[in-house]
Structure formats: C-alpha cells, structure tokens
Number of protein chains: 6
Amino acid sequence: MAGTPTFATPPGFLGVQRRDPAGGIAVAGIPLDIGTTNRAGARDAPRAIRAASRMLVDGAHPGSWVDPATLPIADIGDFAIALGDIPASLALIEQQASVIDHLVALGGEHGITLPLLRALRQRVGAPLALVHCDAHVDTWPDNFGQAYAHGSVFWHAIREGLVDPRRTIQIGIRSPVQREVWDWTLAQGVTIVTAQDFFELGPPAVAAKVREVVGAAPAYLSFDIDVLDPAFAPGTGTPEIGGLASWQAQALLRRLDGVDFRGMDVVEVLPAHDVAEITALAAATMAWEYLCR
Amino acid sequence: MAGTPTFATPPGFLGVQRRDPAGGIAVAGIPLDIGTTNRAGARDAPRAIRAASRMLVDGAHPGSWVDPATLPIADIGDFAIALGDIPASLALIEQQASVIDHLVALGGEHGITLPLLRALRQRVGAPLALVHCDAHVDTWPDNFGQAYAHGSVFWHAIREGLVDPRRTIQIGIRSPVQREVWDWTLAQGVTIVTAQDFFELGPPAVAAKVREVVGAAPAYLSFDIDVLDPAFAPGTGTPEIGGLASWQAQALLRRLDGVDFRGMDVVEVLPAHDVAEITALAAATMAWEYLCR
Amino acid sequence: MAGTPTFATPPGFLGVQRRDPAGGIAVAGIPLDIGTTNRAGARDAPRAIRAASRMLVDGAHPGSWVDPATLPIADIGDFAIALGDIPASLALIEQQASVIDHLVALGGEHGITLPLLRALRQRVGAPLALVHCDAHVDTWPDNFGQAYAHGSVFWHAIREGLVDPRRTIQIGIRSPVQREVWDWTLAQGVTIVTAQDFFELGPPAVAAKVREVVGAAPAYLSFDIDVLDPAFAPGTGTPEIGGLASWQAQALLRRLDGVDFRGMDVVEVLPAHDVAEITALAAATMAWEYLCR
Amino acid sequence: MAGTPTFATPPGFLGVQRRDPAGGIAVAGIPLDIGTTNRAGARDAPRAIRAASRMLVDGAHPGSWVDPATLPIADIGDFAIALGDIPASLALIEQQASVIDHLVALGGEHGITLPLLRALRQRVGAPLALVHCDAHVDTWPDNFGQAYAHGSVFWHAIREGLVDPRRTIQIGIRSPVQREVWDWTLAQGVTIVTAQDFFELGPPAVAAKVREVVGAAPAYLSFDIDVLDPAFAPGTGTPEIGGLASWQAQALLRRLDGVDFRGMDVVEVLPAHDVAEITALAAATMAWEYLCR
Amino acid sequence: MAGTPTFATPPGFLGVQRRDPAGGIAVAGIPLDIGTTNRAGARDAPRAIRAASRMLVDGAHPGSWVDPATLPIADIGDFAIALGDIPASLALIEQQASVIDHLVALGGEHGITLPLLRALRQRVGAPLALVHCDAHVDTWPDNFGQAYAHGSVFWHAIREGLVDPRRTIQIGIRSPVQREVWDWTLAQGVTIVTAQDFFELGPPAVAAKVREVVGAAPAYLSFDIDVLDPAFAPGTGTPEIGGLASWQAQALLRRLDGVDFRGMDVVEVLPAHDVAEITALAAATMAWEYLCR
Amino acid sequence: MAGTPTFATPPGFLGVQRRDPAGGIAVAGIPLDIGTTNRAGARDAPRAIRAASRMLVDGAHPGSWVDPATLPIADIGDFAIALGDIPASLALIEQQASVIDHLVALGGEHGITLPLLRALRQRVGAPLALVHCDAHVDTWPDNFGQAYAHGSVFWHAIREGLVDPRRTIQIGIRSPVQREVWDWTLAQGVTIVTAQDFFELGPPAVAAKVREVVGAAPAYLSFDIDVLDPAFAPGTGTPEIGGLASWQAQALLRRLDGVDFRGMDVVEVLPAHDVAEITALAAATMAWEYLCR
C-alpha cells in the first residue's frame, strides 16, 4: 500500500483529482431527489458514495486485474440542478450530460436516468439496450399524480424510444405492482427476472440471459441500489425485502463481458438511512465493477 | 400509482382504515413484551410494523397477484394488556382473541402466541397444526424461573393440547439449547428443520416437508422475526446469527398452498434496535405474504 | 394514569381519534419537503410528531392546568400535496386550509407556511401579526434559484401583505445571512431577537417584547424547530449551533398570554436525523404548549 | 495517568474489582424494567453505566478532590430479580438490599426504589428524608392499572411511611400530570421545584431549599435520569423536554453538603435509545458525584 | 433456562467468571487498534464481544452438543498494551501470550495476530498451518509506510517462518489488491479461496479443501470479521461488500473436524460502527463455534 | 441565496476550492488519532468537518458581518502523517506546519497541537499566549505510559517553552484529574476557568479574563470540542458531562477582539459517535467564528 492512508483519501470518486473528462470517463454526482415517493434524501448520496469509494482506491480489481488508477477517469463534480423543480432539473441534467462522452452518474433518485437516456440516445443515434437492476419495474405511467418521478422513468424511456424494450432486461424485481403495469411492461417486450427468479437461476444463468437480450447493441446500465436486499443496502428510499445479496450483483456484473456499455448510473442511495456506510460502499463498488470490468 | 404518496399513507396496517373485522380478517397489535429474556422493547413493534407496511399498499403481490386493497381486512387497533402483569395479560389477550374469526397478530413478544392458540384451539375444536419459524425451539419448561415467558410458548401449547406436535414443524432453529429440551421436543413428535438444514435443502424442499407435516389440518403460522438472520432483522430481542435471508422466508411462505391456515402472528420485532425500518418491513411483509397468498 | 398505556396510544396527535374539526381546532400534517436547501425528509415528520405526542396524553399541562383531553381538537390527517411540484402543492395546501377555522399544522418544511398564511389572511381579513421562532430569517428573495422554497416564506408573506412586518418578531435567529437580506428585513419593520440576544435577555424580557410587538392584532405562530439548538433538535434539515434550549422556548410560549393566536405551525422536523425521538417530542410539545396555553 | 488505558478499564463500576462490600459502599445493578409505561429497556442500564464509568476512574473529583480509588467501594454485581414478575422482583430486591449497609443502586426502572426504601427504612428505623430528581412526580396511585410500576413509587413510599413527605423535595418536575395527583402530593407536605422553577432560581438557591427541607434527617437520593433534558439524556423511557442541563444537576449535588445520605439510586437509563453513551455517562457521573461528595 | 436471565449475564466471555487459565483455554481481549488503515475503534471490541456472548451462555451448541459451561475456559481479561506504540505493544502481546497454553484472542485489529503467532510458533516448535478467514490477503509488505500494521501480518508471518504457506489457506478474499502482492502470496504456496469461489463451491467443498491444505499439522485460526459481508458485520474497519453470510462461516467451521487447532483469534470488530450488536455477536459466535467444535 | 444549493456544496472547507495558501489563511486536516486514551476515530474528522461546514457558506457572519467568501482562505487538504507512529507523525506535522503563515487545523486528536505549537513558536520567535478550551487540562506528564498522547500536550508545550503559562488560560475544565497534575498546572502560572466557574461567571466575564491573561502577546487558540457538553458534541473521544453549551463558546469567541491570534485548531471530533453531524457542525462553526471574527 502506497501513498495516502485510506482514511485520508482525497475527496474525488476513487480519490481521483482529475476534473477534465476529455478522452475518458466522467464521473458526476446528480443530487436530485424531489421525485421520490417514500423516504427523501438521495441528494446526499454523491458525497457519501465518493467518501465510501476510498475503500477501492488501493490496488487492482481482484478478478479483472484492472487498476482504476490506470483508467482515464475524471470526477467532474456535481451536475447543476434546479432546486425544487423537476422539469427544469431534467432539462439541466440532459444539457450537461449531452456534452459528455461516457458518463458514470452517481444519483440522486432514479428520475435522473430519464434525461441521461435522452442525452445518450441523442449521442448514440439509436435506442439503447438496457440492463436495469431494481426492486421496481419503474414503468408506472405516473407517481401519485407526478409524471416525472422515480417510478416512471422507463415508461417514458420506452415511449420516447430512448431504450429498445426488446433489448431491455429488468433484474431483481419484487415490489408490489399493479397487474396492468406489469402486463404493459411485458407487452413492450421487456424481459423481467424477478428476485425469486434470480435466486433460482443463479448469477451465471442470469448473466447469460442479459447477454442474450442485450446482444451487441449499445447498452446502458441503470443500477438502483434497492435491487439489493435492505440487509445489504439499508440506506435507500423505497426498500423491499427479499432482494439480492451484493455478491450476487457483483457475480452478475462480472459476467457481462461483451456487452457494449456506453454509460451507467447508480441511484437511490440515502445516506441518512445508511449504517456504517454499507449502502454507499455498495454503490461505489458497483461503479467500480463497471469501470474495472 | 394512485391516491396518497407512500410517505403519507394513513396509519392502519397496509393503510387500512376499516376497523370492523366482521366477515373478514382482523389485524391487531399486541404490545406485550415483559416476558423477554434478553433485550426489551417489542411493545413498540405494532406501531413500527404498521408504519413500515406503507411500502406494500400500492399494487398487487407480484406472485399471487392478490391486491390487499381487495381483501376484507380490518385493523382493529391494539389489544388491551395488563401493564407489568403476565398472567393478567395472557387472560386479556385470550379473551379478546376469542371473539375474532381470523386474526393476524402483530406482536409483541412470542409469549402472546400462547393465549392466541388457546382462543383458536377453542374456536377450531381440535389441536392445531403449527408452522413455527424461529431461531429458538421455545419449548423450554421455564425461563429463568418464569413459566409464561417467550421461551416456553410451545412447551405449554403442546402440554395443553393446543397444537398437535406431530403436525408441528419448527423452521430455522439454531440457538444454543439444552439437549434435554431438544430431545423432549423431538419426542413429542415435532419436526425440526434447523437453519443449516434449511440452507442445504432449499425453500422448495422445506415447503414440501411443511405441507407433508401439516397436511389438511387447520393450521397456525407463528413467525418469530428472529428466524431471519440479524443482518435481515437486526431489530429483535434474542438475535442468533446464521439465520435465514428474507427471500428464503418468502420463498417458503409462497409454497405453502393448500395449508389451511386459520391465523398467524409475527412477533419479536424491537424497533429500538432496528435500522432503516428493515426489521419492521420484514415483519410487515411476512404478514402481507400471508394475507396475499 | 388511566386508559391505554403510553406505548399503546392510538395514532392521532395526542391520541385524539376525533377527525371532524367542526367548532374546534384542527391538527393536520402537511408532508411537503421538496423546497429544502440542505437535508431532505420533513415529509416523515407528521407521523413522527404524532407518535411522539403520546408522552403528552395523560394528564394536564403542569402550568396552565389545561388537560388536552378536554379541548375540542380533531386530528384531520394529512393534507393532500402534489408530489414533486411546489406550485401545485402550495395551491392545494391553501385550498385545504381555507376551510378550517383554527389550524395547528405539523410540517413538512417551512414552505408550507406561505399558503397557510394566505388562507388565514383571507379568513381574518387583515395582515397578521407574526411570532416567528427560527434560526433563519427566511426572508431571502430566492433559494438558489427557487422562489418558493423554505428560505423565502416571509419575503413573500411580507410582500403579499399576509403579515404586518411591524407586528412581526423573529426569535432565535443566528444563521449566516447576506447583509442586504438582514437590512431589508429590518427595513420592513421586523423585530429580530437573535439567539445571542435571547440568552442575554432571558425568556421573560423576550416575551414582553413579543407582546409589545404583536399587541392585540390577530396573530400567527410559526415555530421552526431549528430555533432550538441541534442538541435539543438534531432531527432537522438546516441546523445551526448556538440555539435555544427547549425549556427556553417553553418559558417564552408560556408567557404569551394575551396574544390573539389564530393558528400555528411547527415545521422542519426530520425524523431520519432524529435520535430517541427528541426532536419529534420537542415539536409535539410546542404544539401542546400552544393548545394548552 | 497510570495503569490501564481508559478503553481497557475492567468491567466493574469505576473499574472496581472488589466484590465484598464489608465496611463500605456497595454498588449494585438492578435490571428490572417491566413496570415501565412507555419505552422499555432499562434492564440493559447496569452494564452500560458500568462501561461508561471508565471515564471517571483516573484521577480525583475536581471539586471535592476525593479520588474514588481511595473509597471503600465494592461492585457486588446485579441483584437477582424474578423475570416477568413485579411482586416477586420487589420482594427479592428488598431482601437483597436489607443486608447492605450503604447501597448505590444502578437501575433499572424507578420501580426498584420502593423495595430499596423499604429495606432502608427498616435499617434506619425512621422515615427517610428524600431528594428526588425527576421529570415526574411518581405519586400516581396507579399506572394504567398496575399498582407497582414506575409512576407510583412515591405514592407507596409516602403511604407506607418509608419517606417523610415534609422532608421530601422533588426537583425538575415537568411532565403532564392530573391536577389531583399534584394536589395530593403537595397536600402530603412534599416540596416541588419544577424545572422552570429551577431555571429561575439557579442551583445555589435550589440547593439551599433542599438542605432546608431535608435538614439533619437520614436521607435518600433518588435520581431519575429523565430529570435531565433529553438533549443530555436521550436514553431514557419517558422523556420530557424542558429539563435540566447536566451541569445544573452537578451544581446542585455539589452543594448538598451536610445532608446525611444513606443511599442513592440512579434509574431509568435506556441504552437502546442512548447516543454515544452520553446518558450512561451522565448516570455514572451522578453516582460518582454522590460517592466523591 | 436456569440461573441469571440473559440480560443480566456477568461480564466475562460467555459469562465465565473463572480467571485462572491453568489446564484449559484462556480467553483474552487485546485492545490494540492503532495500525488500522481506514476506520479506527477495534479497541472497544473486547468489551462488546464479551457483552454479546451472553446470547450463547444458556444451553449446548445445537450441532456438537458441547455445552460451553462444561469446558475449561477462563476469561483472563485484557492483555496490557503500550498506548500509541506498535512495536512495544507487539512485544507486550507476545510476552503475555507466551505463557498461555491455548489462547482464544478477542481483538483488536489484525496486527495482534503477528505476536500471537510468534508466541505460538515458539511453543509448538514448528511453523503452523493457518486457516485465515478475511476479505484481505494481509500479505502487503507495508501499509502506507508502516511495516507492522494490519495489512502485513501474514507477510511477516510467512517471512519469519511462523506459518507454513503451503499449509495456509485464505478464505473469503475479495478486496482490491496489487497484482504483485497477490502473485507473491500464491508464489509462497498459499491457497486462496476468494469470496466468489466460496459462493460457487459451497461450505462443504471449501471445508474439504481446508482439511486437505492443513492436514495434520498444528494449526491456527485467524478470523477477521470482515470476511463476512458488511450486511452481517457492519461494525468493522475495512469493509468490502460481496462477503460471506454468517451461516456460511459457521457451516465451514463446523466441518473442520480433524484439524489440530492450537489457538484462534477473531479480530477487526468496531463497535462504534456496529448495529444492534450484530457484528459483536458474530464475533462471539465464531469463538463459540471454535470452543464447542 | 446564490450558486450551488447547500446540499451540493463542493468538498473544501466552507466550499473553498482554492488550494494555494499564499498570502492568506490555510485550512488543513490532520488525521492523527492514535494517541487517544478512550474512543478512537478522530482521523475521520477532517472529512466530516468539511462536509458540515456547508451550512456556513452562504452569507455573512450575523455579528461581525464578515463573509467568509471574501476572506483569503485556502483549503490545502490533509497533512501527511506516519501511519501508526506518533513520533514520526509529530515530526511530519511540525515540518508541514513550519511553512505555513497562518494555519487553521482540523484535527485529529489533541496530540497534533504540540507540533503545531513547535512550528508556530519557531515562526513567532517567542512563547505564545494560549487560549485553551477543553474539558481536560492536558498537562499530564504521561498517558498510561505514552509521553506524546493527547493528555500531555500542554505539559510538553509548557516545558518546551512553546507557550507562556502565565499567558495561558484553560476554559471549561471539568474532568477527573490527579491533584498533583492540577497543582503543577497552577504552579506554572496557568489560569483555569472550570466549567462550573464558566456557568457562574458568564461569557462576558470569562472573555474579559481571557483578554486580561493573554494581553497583547501573539496567541494561539486550541479548541478541544469536548469543552462542549456531550449533548452539544456527542461525537468525541473523552466526553465529560457538565460542559458548555455551544452558544456559550460562541459568545466567548465573539468577545475576544484585540487578541492577536496567529493560528488555531479544533480537535477531538469523532464522527463515528456523532449524531446528525452536530459535533462536526460545532467544530466547523468554531473555525468559522475564528475566521470571521
């Protein structure tokens, strides 16, 4: 171990002090959280995830042997958002994302994914394949009256042609849901692997299914931390028991070789409900798995 | 999602505002906790479980497709108990339970199960089959001198003929226990599936064994939240590591079709030791699994 | 002590089960919190304050000897709000408040006070006198771009003629503030008693000043829990050290006899950051002081 | 600083390893808590108070210059109690206390004080003077039906002639209370100094009043930790805001020279609701103030 | 259940009050924690682990049927260490360990294992076989400049000939690590079972491998609590997600019959980051599994 | 309010992004904590204090009307320390401090003050006057055998001629202490204002005494957060009840006009024991009071 002791790691994600993303991957926080339907507080997640990432600075990934210190990562800070205003915030996020080649976004709530997909769809020029890890389908047409809150992200994304539902797979789903929302999602062509399915199939089989669904299309990874069981991720806003263990999520991500990912987000971390930083560390680790894959 | 946002759900279990149980299922809290042998505080569980149940209000069960809003559930509030007095409390609980057709009880400590079984045995007219999920056998003849505390519930239940030990199955057992208590329990005919057995067998095989043991007899489900590992249920009084994941408990309960359940309880939640409501949510979810099966 | 043990108090504020406010005082929760500038989560406050109020159910106020059980209080539940939408929420809140004679509002963030004042101003027919306990002046013209967030309530209230600034007193003020915001506030005629002033003067002198400023005008009490020091109210969103002890706030409120209060609110409680319910209990107690004065 | 580092202090109160109380002062834990009316868990207090007392081991009291290491203190462990049984526990406590010369009791709930007073009254041969620090008068004739719970201790103590009400002073009182309970207490001759009185008078004047009320009679100190404000003692079962600062309690105790104390207790610490051990430390410090006075 | 209720268990490990280890197994705390690279606080672990062990006092192990009350265990208290001085502390620990036949050490950080191995190597007269459960290989040649901190224990142990690397197996490994550290470790002959390997193989196969690697050699068990996932052990200093469930660690330990263990330690518990004592209980349980095997 | 919302403040102290201290004041973290005698973890304080300082970014000090955004402050990051090695760390700290004109240091433990005073003494060319706010005198000649731990800072500072004891004042003192340590301190000429003295005198009188003791000499402010009562600063390592309220510390600091301060530190914050960031915020505020005086 060299350099600064872990506890004194500088504040950027993975201790990165580079702020210019040119030619590489940009990590950014997006502290929007006003479209959440249960607990609030995901605005505090970027700071917490960056702090927790200090555990991952020293050494290489013990599977891929990629050392993140060798990667062209810049931490560009947090996106500007419009306080208390969802439409203006979504517009701001899309605008800021539109100038970035490859973005790893640290939410914030899941609502941030919609403008990120809009920007990426524009850049890629075609609907994206989607790997969506979550306890919830997030294809509700509305959220207690609010069209652009965290439960409607993929309803909009599918209807706006941002993602290709036949190349979309949702993993870890388990929340209560109206039958019509479920049926609409399947009818669009989305593949759903429930949490109980996941436990029966195991990570290798699920990974195979992901690769099959996604194919060679440009793809996006949206990782809602509540796909993990609340035991592994207590710090989240809409917890559902019966979720994945963190090793299972890692085992899945490590088997997605060949998927042509163009960006990712990890969302819905709520530090106020976290314990011992375990949720923030899980989120940081998922981004690290993505970066070091 | 329609109606009230999740965070503003009214106070009844699953947001239910009906208080008259006629012709349906009554949910009641039973805030007794003075017969506990380690940590105290299960008296606060009914309030915490009801609050946590807000996560389960909006939509149908994503397996059975039962929507709890369509079920004839009433939340009748909390049972009266006698402060600081176990015998008087047990009598009060039995009396209040005796007028209820089908009760889902939110403990409180495990000691509440004895008067509930007395009342149900009376109503059913025969010893009940029992599905007992717990880290502890709860067949101790006494509890450091106290006959009617939470570790002796099924010693009494068997001796009083409330349950049929040959139609009784205990699942998730793993605490230290005197060999003679263990042997007595087996000698009565009880089937014990330890936590380690559970991990080897898997939920489908355990469910099959439950159905085999219980058969067609009228049955009762007593779910001590400490059957879950403390990672999944930290908020409990007598934790034992090495327990079930919450998905495993769900996978079990979802496979108990055909069992003729006449009532259930979920006990031993201690909100003061909970984090991020995960234990209370686990308890609420177990009751929801029961109701939506 | 009679009736239900404290730990089993029913869910209404002060255990009240009456829901029809006719002819009396209505208590309502208002779970809006999306206009906050630091920590989020005041949406959870109504539930927490109601739960904490169980400490105040049994017996009379040991100063005024008013027993809240004898008062015409109804707990009418939570106001509807528009998820993720400040303007629509303010309109909804005003509309619901407009039909209530005398409202005790449990926030939510401070932004709820603006529509409450709009409704009350309409009902009273004249600008209100205002007793405003807070660490912050809340007379900023905007909040990082958002006009209707929690730091601008009284800027709007003064400009809309809802309150009479010469009959407005702010108590406990201590946060950083732009000199021009401070000067504008004073220039409107507002009286500011900083926290350090309060410690020098003591509660009786501050109370005398309140009575002098307010006079006989119809008055409103807006109690931001962050007027208390974070030691006494850790569960809040924009904490500032150096605040009042809870006994000082009580000593003040108990000396406001003769003030013609027409309504009150207690805002900015964040249960996710609270410990041992002490902030929620402080909020409940302030409302109880108001009701039992 | 000599000997063992603070963090490695052995487990007895103040690190004391002597267990034979002969000729000195016995410290004992009394883990009874089943007569509490709100939160439970005072059973865990003896362990927590002993652990927190490690802060007070190294050096002398910086006022009296008494070094507790020079005092004849023994930590005799915890009293036996009867699990789940108030009458049997009270009998056991009385019996164990009856053979001890001078006892410093670490509760447990306030209900333990009754048998301690019974034993001490017997030993002293006359009613005791009483210094009672508390948020509650504890002279209720019952507790939601239970005669021997923590709110009735001094109702019994006065009626049984254990304490002399005219030599009894209650300090810090502030909870809601029925007018008839209050009036009965005063009618017995008890002096009540409310928390608001205390803040007006200041510690020296209150101490003078204590010395005046108690006089030269053999006296007992019963210190309910909830006399402190929840900011200073969050870990307690029936918190009331508006209480004393811990320095005020110390300033009072340090001025009680001349009072002929024969024993004391510190009760109602609930570690499950404590933060950073501050309540346990406050309790340990009060016992240390008593021992080093 | 007989004797003292669980909550009143005396302070020794497993409630043991014997302090003379002659002829048996000595349990000792070793509160060293200044060589940690991330969070601090393992100094508080001995007290926390002893307290948590109260859950394991009453009854026999429900697999081996060994009752710890029948074992020749003494709790000899905490080892002396030199405050703030690693070399002096290591010397002190070695010296104290050298006079003990069979030691179960409750850390403290992992750095304590080096002097324990030095003492045991001396006593045994040959390099030890090692079963090392951990998220980290702990074979770094240094720790941000410090040679004797918690990440270098086995680098020294191998180089000093304390353990035989060909009879050393590391289980649960998953942290980032420099490729050269990994390769050096393997080059010494160490067997590494990563956490992902463990999940694929399952406990019986891993246990078989342990028995194969260790053979009949005198062996040592070093159990770093961070081998468990942070969900199961949040209270630790260098958490890594993706770890073992506690039942898996138990399933492994229960299958190590035939291994000739001469001592063990459980290290890296940090009570300040624990919740509901679950980490401390996991640590206590691992020592109990070892003792009752 | 302009710029970034509070919750998205960039990571430097007070959101400062300048890192070159030339011509101004340097803020630096010093994450040393291995010389602590009770709880560990002050290494995490620099990150926590910086994060909490976001509350103080927007606006001017409401007393001095200094806006910190107008001050020449740079946040130069954390000092390098030697992991696990006190002497080497002290040397490193002194060396780094020696090139800084005016330093505001965010500890770490109190042990960091010794090398800071060594460097400043060298720069100033004469012994410094000292304003020392603390619960402890920190003039012990050793700390359980360790000469350079946090309780001996001023024993060394006086003996090394770094501070002038006749121009040294200690404020808020209240811990147990050996009589000989106390007497030695007084004999050097140090003025001690105990916490109880402070409460009797009040902030203005204590401030007058400080100005009188310090006079016109170049002075240093060492602010141990444990001078505050644990209610106001639970997150600290060696808490003592009976301490100052945070408003009192502010009232003191605001009256030290004319004192010629050349540097300051705020030490002994332990985030792991903090709640709702209140201790970190108190520490940040004390540095802000110093900067904006």
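Residue numbering note: each chain is counted from 1, following its sequence as written. Each chain takes a letter, starting from A, and each ligand takes a number, starting from 1, following the order in which they are written. Local features in this predicted model are restricted to residues whose pLDDT is 70 or higher, and side-chain atom pairs enter the listing and the counts only when it is 80 or higher, whereas totals over whole chains, interfaces and linings include all residues. Computation of side-chain values: all heavy atoms of the structure, hydrogens and water removed.

**Q** I'd like a description of the overall build of chain A, backed by residues and values.
**A** In this description a helix means any DSSP run of H or I spanning at least four residues, a strand means any run of E spanning at least two, and both kinds are numbered starting from the N terminus. Scanning chain A from terminus to terminus reveals nine helices and eight strands. Computed over C-alpha atoms, the radius of gyration of chain A comes to 17 Å, within 12% of the 19 Å expected from 2.2 N^0.38 for 293 residues, which places it in the range of a compact globule. The C-alpha extent of chain A, read off along each of the three principal axes, is 55 × 40 × 40 Å. Note on classification: 1.4 Å probe, protein chains only; a residue is buried when its accessible area is under 20% of the maximum for its type, exposed when over 50%, partly exposed between these limits. Residues counted as buried form 72% of the 293 residues belonging to chain A. The contact criterion used throughout is that any non-hydrogen atoms of two residues lie within 4.5 Å. Within chain A, contacts between residues separated by at least 24 positions form 77% of all contacts whose residues are at least 6 apart in sequence. Here the radius of gyration uses the C-alpha set of atoms, whereas the globule reference equals 2.2 Å times the residue count to the power 0.38.

**Q** Describe the environment of isoleucine 49 of chain B, and please don't skip the residues or the numbers.
**A** All names here are of chain B. The topology assignment puts isoleucine 49 in helix H1 (residues 45–52). As a C-alpha pair, isoleucine 49 and alanine 284 span 235 residues in sequence and 5.5 Å in three-dimensional space. Sequence-distant contacts of isoleucine 49, that is, excluding residues within four places in its chain, are made with Phe13, Leu106, Gly107, Val269, Ala280, Ala283 and Ala284.

**Q** Could you give me a rundown of the pairing of strand E8 (residues 260–267) of chain C, with the residues and numbers involved?
**A** All names here are of chain C. The buried fraction of E8 amounts to six of the eight residues, a majority that puts the element mostly inside the structure. Two strands are said to pair when DSSP picks up at least two bridges between them. Relative to E8, strand E3 (residues 102–107) runs parallel, the two sharing four bridges. Within E8, the position partnered with alanine 105 by the bridge is aspartate 265. One ladder, built from six bridges, connects strand E7 (residues 218–224) with E8; its direction is parallel. Paired with proline 218 across the two strands is aspartate 260, which belongs to E8.

**Q** So what's going on with helix H3 (residues 113–124) of chain A? Which residues, and what values?
**A** All names here are of chain A. Helix length check: H3, at 12 residues, gives a terminal C-alpha distance of 16 Å against a target of 16 Å (1.5 Å per residue), a fit within 8%. Looking only at H3, the buried set comprises Thr113, Leu114, Pro115, Leu116, Leu117, Arg118, Ala119 and Leu120. Downstream of H3 by a residue or two, glycine 125 has a phi angle that is positive, lying close to 85°. A helix is expected to reach a length of 1.5 Å times the quantity of its residues less one.

**Q** Residue-level account of the interface of chain C and chain A, with values.
**A** Residue-level contacts link 20 residues of chain C with 20 residues of chain A. When two components associate, each loses some accessible surface as probed by a 1.4 Å sphere; the sum of these losses over both components is called the buried area. Buried area between chain C and chain A, both sides added, is near 1,400 Å², and the carbon and sulfur share of it is 52%. Polar contacts, as counted here, are pairs of nitrogen or oxygen atoms within 3.5 Å of one another; within protein the pair requires one atom able to donate a hydrogen and one able to accept it, and residues that are adjacent in sequence qualify only if both atoms are side-chain atoms. Counting across the chain C and chain A interface gives six residue pairs in polar contact (both at pLDDT 80 or more). A class-by-class count of the residues in the side of chain C that touches chain A yields seven nonpolar, nine polar and four charged. Polar here means any residue other than Ala, Val, Leu, Ile, Met, Phe, Trp, Tyr, Cys and Pro, which are nonpolar, and Asp, Glu, Lys and Arg, which are charged; Gly is therefore polar.

**Q** Would you mind going over the packing of aromatic side chains in detail, with residue names and values included?
**A** Only Phe, Tyr and Trp rings take part, Trp by its six-membered ring, and two of them pair if their centres are within 6.5 Å. Stacked means planes under 30 degrees apart, edge-to-face means over 60, and tilted covers everything else. Counting across every chain of the model gives 36 aromatic pairs over all chains. Here the aromatic rings of tryptophan 247 of chain A and phenylalanine 199 of chain E are separated by 4.0 Å at their centres, their planes lie at 15°, and the arrangement is stacked. Of this pair, tryptophan 247 of chain A sits in helix H8 (residues 246–253) while phenylalanine 199 of chain E sits in helix H6 (residues 195–201), placing the two residues on different chains. A residue is classified by how much of its surface remains accessible, and tryptophan 247 of chain A, at 18% relative accessible area, is buried. Relative to phenylalanine 232 of chain D, the ring of phenylalanine 232 of chain C has its centre 6.0 Å away and its plane inclined at 75°; by these criteria the two rings are edge-to-face. Within this pair, whereas phenylalanine 232 of chain C is found in the loop between E7 and helix H8 (246–253), its partner phenylalanine 232 of chain D is found in the loop between strand E7 (218–224) and helix H8 (246–253), the two belonging to separate chains. Take phenylalanine 232 of chain C and phenylalanine 232 of chain D: they sit in the same class, and that class is buried. Taken together, the ring pairs connect Phe198 and Phe199 of chain A together with Trp247 of chain B into an aromatic cluster.

**Q** Any chance you could break down the relation of the copies chain A and chain E for me, citing the residues and the numbers?
**A** Only residues with pLDDT of at least 70 in both copies count here: their C-alpha atoms drive the least-squares fit that superposes the copies. When chain A is fitted to chain E, the best match, at an RMSD of 0.0 Å, comes from turning it 120° and sliding it 0.0 Å along the axis. What the superposition gives is, in effect, a three-fold axis relating one chain to the other. In terms of proximity to the rotation axis, the leading residue of chain A is alanine 231 of chain A, whose C-alpha is 3.1 Å off the axis. Counting the interface residues of chain A, we find that no more than 9% of their copies in chain E are interface residues as well, pointing to two distinct contact surfaces.

**Q** Residue-level account of the pattern of salt bridges, with values.
**A** Note on definitions: salt bridges are taken to be side-chain nitrogens of Lys or Arg within 4 Å of carboxyl oxygens of Asp or Glu. Scanning the model with the defined rule gives 78 salt bridges over all chains in all. Between aspartate 44 of chain C and arginine 47 of chain C there is a salt bridge, and its shortest N-O distance comes to 3.7 Å. Among the residues examined, aspartate 44 of chain C registers a relative accessible area of 8% and is labelled buried. Salt bridges sharing partners connect three or more residues here, namely Arg39 of chain A together with Arg54 and Glu277 of chain B.

**Q** If you had to explain the UniProt feature "binding site: Mn(2+)" (unreviewed entry) in chain A to someone new, which residues and values would you point to?
**A** Residue and element names in this part refer to chain A. UniProt positions are given in the numbering used here, feature names are shortened, and annotations may be inferred rather than shown by experiment. The residues that UniProt annotates with the feature "binding site: Mn(2+)" (unreviewed entry) are His110, Asp134, His136, Asp138, Asp224 and Asp226. The greatest C-alpha distance among the annotated residues, which extend across 117 residues, is 12.1 Å, indicating that they converge on a single site. With respect to the element layout, histidine 110 can be found in the loop between strand E3 (102–107) and H3. Among the residues examined, histidine 110 registers a relative accessible area of 0% and is labelled buried. Apart from residues lying up to four places away in sequence, histidine 110 is in contact with His132, Asp134, Asp138, His150, Val153, Phe154, Ser222, Asp224, Asp265, Val267 and Glu268.

**Q** Explain the environment of valine 99 of chain D residue by residue, including any values.
**A** Inspection of the secondary structure assignment puts valine 99 of chain D in the loop between helix H2 (86–97) and strand E3 (103–107). Sequence separation between valine 99 of chain D and arginine 123 of chain D is 24 residues, and the spatial gap between their C-alpha atoms is 9.0 Å.

**Q** Provide a residue-level description of the sheet that holds strand E5 (residues 163–173) of chain B, including the pertinent values.
**A** Residues and elements named next belong to chain B. Read from one edge of the open sheet, eight strands run E2-E1-E3-E8-E7-E4-E5-E6, paired in parallel fashion. Single-partner strands in this sheet number two, and they are strand E2 (73–78) and strand E6 (191–194). Going across the sheet, the axis of each strand differs from the next one's by a mean of 15°, ignoring polarity. Packed on one face of the sheet, helix H7 (residues 203–214) meets strand E4 (128–133), E5, E6 and strand E7 (218–224) and runs near 165° to E5. Fitted lines through C-alpha atoms give the axes, limited to the stretch in contact for helices. The angle between two N-to-C directions lies from 0 to 180 degrees.

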